[in-house]
Amino acid sequence: TVNEKVNTYLSVDQGARQNNGTTLKSKSLVGKVASGTDFTMTFDMKISSSTDQTPTSFTIYDAANSSAVFSLTATGAWATSWIVNGNDNNIVTLDGTNKGNSKQTIADCPWYTFKLTRIGNLTYLTITSKTSGVEVFERTEVSTISTTGGLGNMDFVTKRYFANFAIDNIVVRSVKGSDIPEIHIPLTLTSAGV
């Protein structure tokens, strides 16, 4: 069996905390990847939104801790839709991330695997359900917030009411060729005299 608590960096069970909000911060990645360095980062995460007030959010900051390399923000109360990197064109639905009742615990939230590749000022993201194996967010170039790059603090913030969160199995490594999606350039044929 898989022990979900192995290598867990941040975790909160708001079902146990009742209506208390929380801010979780981890400096685990600080100094691991310098500004301007290309990298691929994978991690497993459970996340749910809260019932009201300021949207729940998760952010991985750049090496300068000045702006986000990656962010995920709930679209509203009890939301299952999340905005990636602050861009309304990048919205992902994470099924089951909120059960819609105050008895929800972290055990009710499914695990998703996130794969984030940063090359220069380009950021690619894949999100896969660990339950079904389906890519719920296919390998896509997403808006880059930080121009600095590198990795810094990780923050999870919710103001109140039962939002749950856990992050696990974090791996940061050099970029491989398979981390970059293929770019297909259409071939245009011309024929003289036709």
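Everything numeric in this text was worked out from a predicted model, so none of it was measured.

Peer 1: What is the right way to look at the sheet that holds strand S1 (residues 10–12) in this model?
Peer 2: The strands making up a sheet associate through hydrogen bonds between their backbones, and the pairing can be parallel or antiparallel. Taken in spatial order, the 6 strands make up an open sheet running S1-S12-S3-S8-S9-S10, and their pairing is antiparallel. Of all the strands in the sheet, the pair left with one neighbour each is S1 and strand S10 (135–142). Direction aside, the axes of adjacent strands within the sheet are offset by 10 degrees on average. Inspection of the sheet shows strand S3 (residues 39–47) paired to strand S12 (residues 165–173) by 7 bridges, in the antiparallel sense. Of the residues in S12, the one forming a bridge with Met45 is Ile167.

Peer 1: Quick question: what am I supposed to make of the environment of Thr128 here?
Peer 2: With respect to the helices, strands and loops of the structure, Thr128 is situated in strand S9 (residues 122–129). For Thr128, a relative accessible area of 21% translates into the label partly exposed. Distance from Thr128 to Lys115, taken between C-alpha atoms, is 8.5 Å for residues 13 residues apart in sequence. Dropping the residues within four chain positions of it, Thr128 is found in contact with Tyr112, Thr113, Gly133, Val134, Glu135 and Val136.

Peer 1: Sorry if this is basic, but what is going on with the nonpolar core here?
Peer 2: In a soluble, globular protein the nonpolar side chains are often hidden away together inside. In terms of nonpolar packing, the biggest core is built from 35 residues, with Phe43, Phe58, Phe70, Leu72 and Phe165 touching the most fellow members. The element best represented in this core is S3, accounting for 5 residues. Those residues in contact with Phe70 that lie beyond four places of it in its chain are Phe43, Phe58, Thr59, Ile60, Val84, Asn85, Phe114, Leu116 and Leu125.

Peer 1: What is the right way to read the environment of Val175 from this model?
Peer 2: Structurally, Val175 is set in the segment after S12. By relative accessible area, Val175 is classed as partly exposed at 28%. For Val175, the residues in contact, after removing those within four places along its chain, are Asp38, Phe39, Thr40, Thr117, Arg118, Ile119 and Ile180.

Peer 1: Even after reading the chapter, I still don't get the pattern of salt bridges, so can you show me in this structure?
Peer 2: Under the defined criterion, the tally for this structure stands at 4 salt bridges. With its nearest N and O atoms 2.9 Å apart, the salt bridge here joins Lys115 to Asp179. Here the residue Lys115 occupies a position in strand S8 (residues 112–119), and Asp179 occupies one in the segment after S12, the gap between them amounting to 64 residues. Overall, Lys115 belongs to the partly exposed group, its relative accessible area being 22%. By relative accessible area, which is 0% here, Asp179 ends up buried. For Asp179, the salt bridge goes to Arg173, with nearest N and O atoms at 2.8 Å. Through salt bridges with shared partners, a single network forms among Lys115, Arg173 and Asp179.

Peer 1: What should I look at first to understand the packing of aromatic side chains in this one?
Peer 2: Geometry of an aromatic ring pair is reported as the spacing of the ring centres plus the angle between the planes. Using the criterion set out here, one finds 7 aromatic pairs in the structure. Centroid distance Phe43 to Phe114: 5.1 Å. Interplanar angle 5 degrees. Geometry classified as stacked. On the criterion of sequence distance, the pair formed by Phe43 in strand S3 and Phe114 in strand S8 is long-range, its members being 71 residues apart. Each member of the pair, Phe43 as well as Phe114, carries the same accessibility label: buried. Pairing Phe70 with Phe114 gives two aromatic rings, centres 6.1 Å apart and planes at 65 degrees, and the pair type is edge-to-face. One end of the pair, Phe70, is in strand S5 (residues 68–74); the other, Phe114, is in strand S8, with 44 residues separating them in the sequence. Assessed through its relative accessible area of 0%, Phe70 is described here as buried. Linked through ring pairs, Phe43, Phe58, Phe70, Phe114, Phe156 and Phe165 together constitute an aromatic cluster.

Basis of the calculations
- Residues numbered from 1 in each chain as written.
- Predicted model: local features only at pLDDT ≥ 70, side-chain atom pairs only at ≥ 80, totals over all residues.
- Heavy atoms only, no water.
- Pairing = 2+ DSSP bridges.
- Helix = DSSP H or I, 4+ residues; strand = E, 2+ residues; numbered from the N terminus.
- Axes fitted to C-alpha atoms, helices over the stretch in contact; angles between N-to-C directions.
- Buried < 20%, exposed > 50% of the residue type's maximum accessible area, 1.4 Å probe, protein only.
- Contact = heavy atoms within 4.5 Å.
- Core = buried A, V, L, I, M, F, W, Y, C linked by side-chain atoms within 4.5 Å.
- Salt bridge = Lys/Arg side-chain N within 4 Å of Asp/Glu carboxyl O.
- Phe/Tyr/Trp six-rings, centres within 6.5 Å; stacked < 30°, edge-to-face > 60°.

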